[in-house]
Amino acid sequence: MNNRSVSNGGTDNGTNGEERSVRRKRFTRKVRHTSILQEELPITATKPFIALISLLGIAVLIQFLIVFSWHHKRHDVHVLGKKKQHTTKKVKSINVLDGASVEEEDIWIKDKEIDVLSESTNTKRDPATAHLIPHLPPLPPIVNTRNIPNSQTLISDTLSGKHPTIAGVSLILDNFLHALHTSNKQLATNGKKVQRDEVHEAFVNLAQEHLAPFETTYRNKSIFPIRDDDSIFISLASFRDYLLGDTLMGAFNQAKHPDKLFIGAIVQNCYGLNPYPGEEGVQCRTGAQVVGKNAAGRDQTKVSDAPPDRNGIEEFCTNVKYKKYCDRGQIRVLYLHENESLGPAMARYYASKLWGGETYFMQVDAHLQFYKHWDELYTNEVKATKSYPKAVLSSYPPGFQEENGGILDHESSGARLCTCTFSNSDVEAHIIRINSGANYHGDEEHPTQIPFIAAGFFFTPAYFLVDVPFDPYMPWCFMGEEIMLSMRAWTHGWDIYAPRKNWIAHQYRPGRMGLPKFWGSVGRLFGRPGPGFSNQLQLKLIKRVKHLVGYKDCCTREKLIENGEELALMDVEHYGFGDERSREQYLEWANIDVDANRCRNIKWCNQGELL
C-alpha cells in the first residue's frame, strides 16, 4: 500500500487511529503553548489595550486641534482684529493695533466673548478695534487703495452701517475720486471749451452718487466708537507740500505719546509722466516764480516745467525710525492728482473721513513745527476750558522762517482770534475773513472764549465730527470755510477758545516763494491755464457759504433758485446750523453786521472776559 492511499482515507483502521492520536497530541501541545504565552505576555501587548490606546490617541489629537485653534484665534487679535475677553483677570494694556498699545492703565474686560460676526468672513471681531483692520496701506501713491483685498465687501459693509471700517471708508472716497478723474478727462477731451457750470454739475452728480449714501448712513452719529485713551487724530491736507515729511517727523518726534497719534493725510501731488500702469500722467509745473522786474518795477513771474513732487509720506514711512507707525496703520493716506484738487475745504472733508475713533480731532496744515510734548499740552489745555468737553481750541499759530525738521524749540504766548473783515477782493465776493486780536498776558488761569475757528489749526474732542460734519459740497472754495465752521460749531453748542500758549508754528507762504497753488492747476486740466477758471468756480460755490451766513442781497434760497443756482443748495440743510443757539445770536455775539458788510470791535474777546 502506498502512502497516497493511506493519506486519502484508505481502509486500514489501525493506521488511521494512530494518525488521529498523533494529531490530538500536537493540537493539545499547541493550545497549551498558546495559553502559556498568553499568561506570560504583559497587558500592554493585548489587542484590547492597543485599541484603547488608539482611541485615547485620537482624543488627544482632537484636544490638540481645539487648543491650537484657540491659540490661533488669540494670535489673530493682532492680524485680524479678533479678541476673546473674560473677567478672569485685570489687564494693564490693550493692543489696539499690530504692536501698538495704549498707555498702561487698569481696564476691566467684559465677562463674555465678543461675538460680532462679519457677514462676509463669518469671523468674530472685537468691536473696539475691528474697524481698523485691514490697514489702509500708505504707499504706493494713487494706487495704494487697490492693494486692499475684498474691496466690494468692505464698501457694502460700510455703506450698510453694520461693519464700517477705515478701509471701507477709504474705498468709498477712492471710488469717488476715480470717478471724478474719469469725468474730468472726458470733459477735457470732448472737443469744446469746458464751461464752469458743466464742471460743477458733474461734481454734484458724482457726489450724490458716491458720497451722499455714505453721509446719509452716518448722519447724526459717530461712524466708529470713540476711544477714551487720549489718542489724537490729525487731519492733514497737503497740496504739493515739500514740508509734509518734516511735519510728520516733527509731530511724532515731539509727541509725548507717539503711539497714540494717528494721521489722516490727503496728498495732492504731481506724480509726473507715467505715474502708474495705465495712466499717462502729466508734465509737472512750478508755481508762478518771480524771475525779475518789469519796466514798472513790479515782479515778473514765470511757470516752468518741474520734476515730480516729493512725497512726504514716502520720506516718513521709509525712514527706519518711523516705519513702525506706518506698519501699525497710524498713517492713513488718500492720494489724488494735483490738477484735480478741489481746494482745501474738500481736502479737509476727505481727511475727516479717515478718523478712526480717536479721542481728539486736530486739523492743521502740512507745513508745521511742533514743541516738545505738544500732544499732552493741547490735551490738558482743552480740558482746562470751562465748557469741556464741548470746547474747541483754535488760533493762527506763529510763523517760522528757518526749517528745523518739524521741531519747534520754544513756546510763545497765544493770540486770540478777535477780529474780522469783509473782503474787498472780487474773487472772494465780500466774504468774511477772520484775523487775530489781543495776546494773552501770561497770568490767565484758564483759556478764554473767542468767536472764530481757524481752519489751519483747531483741536477738539472727536464728537465734534458728529455735530459739525464737514460739508462735501464745497469744492474750489479757498475763503469762507472758516466763518462757516465757526458759526456751525457755536450754534451746535460748542464754545471756542484760544489756547494760552502756542505749541506749534506754521510756515506762512508769501507769493514770492513761487510755490504752486491749487487754483493755478484747476484750469490747466481743462486747457484753461492760470487761476481764472478756478476763480469762476469759487465765485459760484461761495454763494453756498453766503446763503448760510445770511447775505440777503444775493443768496437767499429764492434768489439762488431764481438765478439757476439751485445746485449751490444741494443738501445744505444737513451742513448748516444747530438748534442750541441761532445764526442771529451768533452774529450779534460776534458783532457782525452782514447787511452793512461790517465787523465791529469785539470787546469781550480782546479782554478775555468769557471763560
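Placed above this text is the structure.
First, a word on what this report is: a plain description of the structure on this page. (Residues numbered from 1 in each chain as written. Predicted model: local features only at pLDDT ≥ 70, side-chain atom pairs only at ≥ 80, totals over all residues. Heavy atoms only, no water.)

### Brief notes about the packing of aromatic side chains
Overall, the coordinates contain 30 aromatic pairs when judged by the stated rule. Aromatic side chains phenylalanine 252 and tyrosine 325 sit 4.5 Å apart centroid to centroid with 35° between the ring planes, which places their arrangement in the tilted category. Here tyrosine 325 lies in helix α10 (residues 323–327) and phenylalanine 252 lies in helix α8 (residues 244–254), a separation of 73 residues in the sequence. Across this residue pair, the class does not change: phenylalanine 252 and tyrosine 325 are buried. Arranged with centres 5.0 Å apart and planes meeting at 80°, the rings of tyrosine 378 and tryptophan 503 form a pair that is edge-to-face. (Phe/Tyr/Trp six-rings, centres within 6.5 Å; stacked < 30°, edge-to-face > 60°. Helix = DSSP H or I, 4+ residues; strand = E, 2+ residues; numbered from the N terminus. Buried < 20%, exposed > 50% of the residue type's maximum accessible area, 1.4 Å probe, protein only.)

### A short note on the state of the cysteines
This structure, assessed with the given rule, holds five disulfides. Paired by a disulfide, cysteine 270 and cysteine 284 hold their sulfur atoms 2.0 Å apart. Taking the sign of the S-S torsion, about -95° here, the bridge from cysteine 270 to cysteine 284 comes out left-handed. Here cysteine 270, found in the loop between β6 (261–269) and β7 (273–276), pairs with cysteine 284, found in the loop between β8 (279–281) and β9 (289–293); they are 14 residues apart in sequence, far enough to count as distant. With respect to class, cysteine 270 is no different from cysteine 284; both count as buried. Two residues, cysteine 317 and cysteine 326, share a disulfide whose sulfurs are 2.0 Å apart. Disulfide cysteine 317 to cysteine 326: torsion about the S-S bond roughly -80°, handedness left-handed. Its relative accessible area of 6% is what places cysteine 317 among the buried residues. Assigning the bonded cysteines of the protein chain consecutive numbers by sequence position, one obtains the connectivity 1-2, 3-4, 5-10, 6-9, 7-8. (Disulfide = S-S within 2.5 Å.)

### Quick word on the nonpolar core
In this structure, Tyr350, Ile432, Phe452, Ile483, Val549, Tyr586 and Ile592 are the most contacted members of the largest nonpolar core, which totals 106 residues. The element contributing the most residues to this core is helix α5 (residues 166–188), with 11 residues. Dropping the residues within four chain positions of it, phenylalanine 452 is found in contact with Ser394, Leu417, Cys418, Thr419, Cys420, Ile434, Ile483, Ser486, Ile496, Tyr586, Ile592 and Ile602. If you look at the next biggest cluster of nonpolar residues, it comprises 42 residues, including Ile232, Met249, Phe252 and Ile331. (Core = buried A, V, L, I, M, F, W, Y, C linked by side-chain atoms within 4.5 Å. Contact = heavy atoms within 4.5 Å.)

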